[in-house]
Amino acid sequence: RLHPDAPLIARADGAEEAQVALEAGDLRSARRKLQEARKLDPEHPALAGRFALYYDLSARAAFQNGQESRALLFWERSLEYEPENQATQIRLGDAYGRTGDHEKALEVLQPLLESVPEDPLFYVAFARSLHATGDEELALGILDKAAESAEANGNPEAADRFREARRELESSEQRASSPVP
């Protein structure tokens, strides 16, 4: 005979097992555990965050393996579970930019401007997409301001990253304006 709280115990265990699998990087097992936990209790409060993490980690792995369109879908799915997750929004915007869809990148990144994200990737991704869509001056200005701010806040690594991104954009401008022999 089952304990009267058995379903509650199973729900907690399934969600916890999924978390352990996620932390271990075992995405296949994590997905299975998450699906099992959702069957037992679709309203379990921890499931949304764990599904969001699962899809974020899956997106990162897919992107690293050259499966860009799959990664984009996974990040979109992650945001369905946690729509306000700024780190995932930044990764999604950066990925759109890296795949050449700069309009979509700006659509994802621009709303984040008001919150002034701390992640240097935001400014680099935003500037790259601005630059690619023809707003070179604004893109370079953003990277300059970001570098100044990072330096003033004692973050020389971020300042260096912004300066390197600026050099890359300037270099791409020079290549684009150079006459073809």
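So, how was this worked out
- Residues numbered from 1 in each chain as written.
- Predicted model: local features only at pLDDT ≥ 70, side-chain atom pairs only at ≥ 80, totals over all residues.
- Heavy atoms only, no water.
- Helix = DSSP H or I, 4+ residues; strand = E, 2+ residues; numbered from the N terminus.
- Buried < 20%, exposed > 50% of the residue type's maximum accessible area, 1.4 Å probe, protein only.
- Contact = heavy atoms within 4.5 Å.
- Salt bridge = Lys/Arg side-chain N within 4 Å of Asp/Glu carboxyl O.
- Polar contact = N/O pair within 3.5 Å; in protein donor to acceptor, adjacent residues only side chain to side chain.
- Core = buried A, V, L, I, M, F, W, Y, C linked by side-chain atoms within 4.5 Å.
- Phe/Tyr/Trp six-rings, centres within 6.5 Å; stacked < 30°, edge-to-face > 60°.
- pLDDT = per-residue confidence, 0-100.
- Expected span 1.5 Å × (residues − 1).
- Arc of directions from axis to C-beta.

Draft legend 1. Structural detail: the overall build of the protein chain. Each helix and strand in the protein chain was counted, giving nine helices and zero strands. Starting at the N terminus, the α and β elements of the protein chain follow one another as α-α-α-α-α-α-α-α-α. Each of the 181 residues in the protein chain was classed as buried or not, and the buried ones make up 39%. The contacts of the protein chain with a sequence gap of at least 6 include a subset with a gap of at least 24, amounting to 44%.

Draft legend 2. Broad picture of the pattern of salt bridges. The final tally for this structure, using the stated rule, is 13 salt bridges. For glutamate 164, the salt bridge goes to arginine 167, with nearest N and O atoms at 2.9 Å. Here glutamate 164 pairs with arginine 167, and both are found in helix α9 (residues 156-177), just three residues apart, close to one helical turn. Look at glutamate 164 and you get partly exposed, because its relative accessible area is 35%. Across the salt bridge formed by glutamate 170 and arginine 166, the nearest N and O atoms sit 2.1 Å from each other.

Draft legend 3. Fine view of the environment of asparagine 65. Position of asparagine 65 among the secondary structure elements: in the loop between α3 (47-64) and α4 (68-81). Reaching out from asparagine 65, the side chain makes a polar contact with the backbone oxygen of alanine 61 at a distance of 3.0 Å.

Draft legend 4. Layout of the nonpolar core. Phe122, Phe126, Leu143 and Phe162 are the most contacted members of the largest nonpolar core, which has 24 residues in total. Those elements that place two or more of their residues in this core are α6 (102-109), α7 (120-132), α8 (136-152) and α9. The element that contributes the greatest number of residues to this core is α7, accounting for eight residues. What phenylalanine 122 contacts, discounting residues up to four positions off in sequence, is Ile90, Leu109, Leu112, Leu113 and Pro117. Membership of the second largest hydrophobic core comes to 22 residues, among which are Leu22, Ala30, Leu72 and Ala105.

Draft legend 5. Representation of the packing of aromatic side chains in the model. Per the stated rule, a full pass over the model turns up nine aromatic pairs. Between phenylalanine 51 and tyrosine 81, the ring centres sit 5.1 Å apart and the planes meet at 10°, which makes this aromatic pair stacked. On the criterion of sequence distance, the pair formed by phenylalanine 51 in helix α3 and tyrosine 81 in helix α4 is long-range, its members being 30 residues apart. Ring pairs connect the aromatic residues Phe51, Tyr54, Tyr55, Phe74 and Tyr81, which therefore count as one cluster.

Draft legend 6. Region of the structure containing the side chain of glutamine 89. When you line up the elements, glutamine 89 lands in helix α5 (residues 86-98). Since its relative accessible area comes to 15%, glutamine 89 is described here as buried. If we ignore the near neighbours within four places in the chain, the residues touching glutamine 89 are Leu79, Pro83, Glu84, Val108, Leu109 and Leu112.

Draft legend 7. Region of the structure containing the confidence of the model for the protein chain. Put simply, the protein chain has an average pLDDT of 86, and 88% of its residues get 70 or more. When pLDDT is averaged over each element of the protein chain, α4 comes out on top at 97 and helix α1 (residues 6-24) at the bottom at 63. Ignoring residues within four places in sequence, the model shows residues 1-12, a span with pLDDT below 50, making five contacts including any to other chains.

Draft legend 8. Spatial organisation of α4. The first and last C-alpha atoms of α4 sit 20 Å apart over 14 residues, in line with the 20 Å expected at 1.5 Å per residue. Taken together, the buried positions of α4 are occupied by Ala71, Leu72, Phe74, Trp75, Ser78 and Leu79. Along the axis of α4, the buried residues cluster in a sector spanning 165°; they form a single face. Within α4, the exposed residues directed more than 90 degrees away from the buried face are Ser69, Leu73 and Glu80. Elements in contact with the buried residues of α4: α3 and α5.

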